[in-house]
Amino acid sequence: MVILLSPGLVMLAGCTAGAGRQSAAPSQAEIRFASDPGARESLRRRAIEVLTNAALGADPMLRANAIEGLHPEPVVLEPIVRAGLADANLGVRFVAAMTVGKLNMRRSAVFVEPLLNDPSPVVRAAAIYASRATGGNTDPNPLADLLNGPNPAARAQAAFILGEIGDASAIGLLRSAARRSTPLASPIEDRLARLQIAEALVKLGDTGAIETVRAALFPSRPEDLEATALAVQIIGNVGDRRSIDQLIYLSAREGADRLPAEVRLAAALALARLGNPRGSFIAEEHWTDPNPAIRAQAAFVLGETVGAGNLARLDKLLGDESGLVRVSAAAAVLRSRGLGSISAGVDASR
């Protein structure tokens, strides 16, 4: 059973976790990145090179992640996205189509049209989103079929896309889907789909659905942790500031109650998106973790949070042995709070 501290004690615990550490003398790399705009610009260009190489490489997971990582550089990204729309891997096609919509790449909308007939239903769903987001009037009804279908992952994707489209008329459809389980899905698959449905409802204005997300913040069993990590991410995505104390509590638990690195890092990232960017100390604990997935997640937190050594650590992670870590570090550099306003990104919709 999880015992909650009072909000005041929760906040104190969260602040103490970072503030009680001894600050080491800044390294030469930290000093260089802090004082030299040229060093920061060089880091940005290196990050773009890492992402561009990954986006054109052999690993489909890295291709998809690199496309997402290049969002702050739409001029560089647009030709890569067009190639991604014709990629053999459905995950890459999905991410490329979502990117066209999210970045309003109207000049690339015509390249999305073939995906409306893609063999994969989730790619077709992403193409519907891209078309509508770039000014088209594509029929969204296939999303309802996907939302009500037997595949929990597809249900979750359909819910996410409906939330991104932003049409409040979908609230009734989503509420109905939230009341139905997926008979052949595992309990965790069904719960993750319900969380995505709740996120979509909140995005569309049904703020009461946030309670479904908040309830998942408190895991009582190890098998609940995946849902907790997703709930933490959703809290940050929808801007639920009332959950800030709970996120700090999750990141501050110690001893036998200490949560896995994945959850603590997710909490630090969500807190940064809610206006509390002081969670870099959590990433500092994990950026050299033996597990590349943890290093990759820590890299992203280093980009979103405030810390004197964040850019220096990301610089090192750009040379990591793991492609996943390199891509995550490069994406983090482009989003970094410490990079300044040197990015040359331009609105790709022009």
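Here the structure is a predicted model, which is why all the values come from computation and not from measurement.

Turning next to the overall build of the protein chain. Looking only at helices and strands, the protein chain has 20 helices and zero strands in total. The proportion of buried residues among the 350 residues of the protein chain is 50%. Expressed as a percentage of contacts within the protein chain between residues at least 6 apart in sequence, the contacts between residues at least 24 apart total 67%. Here the protein chain has roughly 15,900 Å² of accessible surface; of this, 54% comes from carbon and sulfur atoms.

Further remarks concern unusual backbone geometry. Residues other than glycine seldom take positive phi values, yet Asn104 does so here, at roughly 55 degrees. Mapped onto the fold, Asn104 is located in the loop between helix 6 (90-102) and helix 7 (109-112). With relative accessibility at 23%, the residue Asn104 sits in the partly exposed group.

Once that is clear, we can look at helix 14 (residues 225-238). Since the α-helix advances by 3.6 residues per turn, residues separated by three or four positions end up pointing in the same direction. The first and last C-alpha atoms of helix 14 sit 20 Å apart over 14 residues, in line with the 20 Å expected at 1.5 Å per residue. When helix 14 is considered as a whole, its buried residues turn out to be Ala227, Thr228, Leu230, Ala231, Val232, Ile234, Ile235 and Gly236. Those residues of helix 14 hidden inside the fold are in contact with helix 12 (187-203), helix 13 (210-215), helix 15 (244-252) and helix 16 (261-273). Immediately downstream of helix 14, the backbone of Gly239 shows phi near 75 degrees, a positive value.

The next subject is the environment of Asp224. Looking at the secondary structure, you find Asp224 in the loop between helix 13 and helix 14. When the C-alpha positions of Asp224 and Pro187 are compared, they lie 9.9 Å apart, and in sequence the two are 37 residues distant. Beyond its immediate stretch of four places on either side in the chain, Asp224 contacts Arg191 and Pro219. Side-chain polar atoms of Asp224 contact the side chain of Ser220, separated by 3.2 Å.

A few words now on the pattern of salt bridges. According to the stated counting rule, one finds 25 salt bridges in the structure shown. Residues Glu41 and Arg45 are paired through a salt bridge, measuring 2.7 Å at the closest nitrogen-oxygen approach. Separated by four residues within a single helix, Glu41 and Arg45 lie in helix 3 (residues 37-55), roughly one turn from each other. Where Lys203 meets Glu164, a salt bridge forms, and the shortest distance between an N and an O atom there is 2.7 Å. One end of the pair, Lys203, is in helix 12; the other, Glu164, is in helix 10 (residues 152-165), and 39 residues separate them in sequence.

Let us now look at the confidence of the model for the protein chain. In the predicted model, the protein chain carries a mean pLDDT of 89, and the fraction of residues at 70 or more is 89%. Here residues 1-23 is modelled with pLDDT under 50, and outside its nearest four sequence neighbours on either side it reaches 22 contacts, counting other chains as well. Segment residues 341-350: pLDDT under 50, and 21 contacts once partners within four positions in sequence are set aside and those in other chains are kept.

In contact at an axis separation of 8 Å, helix 14 and helix 16 are set at 10 degrees when each is read in the N-to-C sense. Classed by the angle they form, the pair helix 14 and helix 16 counts as roughly parallel. Here Leu225, Thr228, Ala229, Val232, Gly236 and Asn237 of helix 14 lie close against helix 16, whose contacting residues are Val263, Ala266, Ala267, Ala270 and Arg273. Taken together, the residues of the contact of helix 14 with helix 16 sort by class into seven nonpolar, three polar and one charged.

Within the largest apolar cluster, 106 residues are counted, with the highest numbers of intra-cluster contacts made by Leu174, Leu247 and Leu314. Sort the elements by how many residues they give to this core and helix 16 lands first, with nine residues. Not counting residues up to four positions away in its chain, the partners in contact with Leu174 are Leu147, Ala159, Leu162, Ile197, Ala200, Leu201 and Leu204.

One can find Ala66 in helix 4 (residues 60-69). The spacing of Ala66 and Leu77 is 11 residues in sequence and 9.4 Å in space, taken between C-alpha atoms. For Ala66, the residues in contact, after removing those within four places along its chain, are Leu51, Ala54, Ala55 and Val327.

A water-sized probe rolled over the atoms picks out the places where empty space is left. Taken as a whole, the largest pocket encloses approximately 2,000 Å³ of empty space. Asn65, Glu68, Gln233, Asn237 and Arg273 are, among the 44 residues lining the largest pocket, the residues nearest its centre. Within the residue set of the lining of the largest pocket, elements represented by two or more residues are helix 4, helix 6, helix 10, helix 12, helix 14, helix 16, helix 18 (292-304) and helix 20 (323-335). A class-by-class count of the residues in the lining of the largest pocket yields 24 nonpolar, 10 polar and 10 charged.

About the thresholds
- Residues numbered from 1 in each chain as written.
- Predicted model: local features only at pLDDT ≥ 70, side-chain atom pairs only at ≥ 80, totals over all residues.
- Heavy atoms only, no water.
- Helix = DSSP H or I, 4+ residues; strand = E, 2+ residues; numbered from the N terminus.
- Buried < 20%, exposed > 50% of the residue type's maximum accessible area, 1.4 Å probe, protein only.
- Contact = heavy atoms within 4.5 Å.
- Areas by Shrake-Rupley, 256 points an atom, 1.4 Å probe, with all protein chains shown as cover.
- Expected span 1.5 Å × (residues − 1).
- Polar contact = N/O pair within 3.5 Å; in protein donor to acceptor, adjacent residues only side chain to side chain.
- Salt bridge = Lys/Arg side-chain N within 4 Å of Asp/Glu carboxyl O.
- pLDDT = per-residue confidence, 0-100.
- Axes fitted to C-alpha atoms, helices over the stretch in contact; angles between N-to-C directions.
- Parallel < 35°, antiparallel > 145°, perpendicular 65-115°, else oblique.
- Nonpolar A, V, L, I, M, F, W, Y, C, P; charged D, E, K, R; others polar.
- Core = buried A, V, L, I, M, F, W, Y, C linked by side-chain atoms within 4.5 Å.
- 1 Å grid on protein atoms, 1.4 Å probe; cavity = no way out; pocket = protein on both sides within 12 Å on 5 of 7 lines; lining within 4 Å.
- Points joined across faces, edges and corners; volume = space filled by probe spheres on them.

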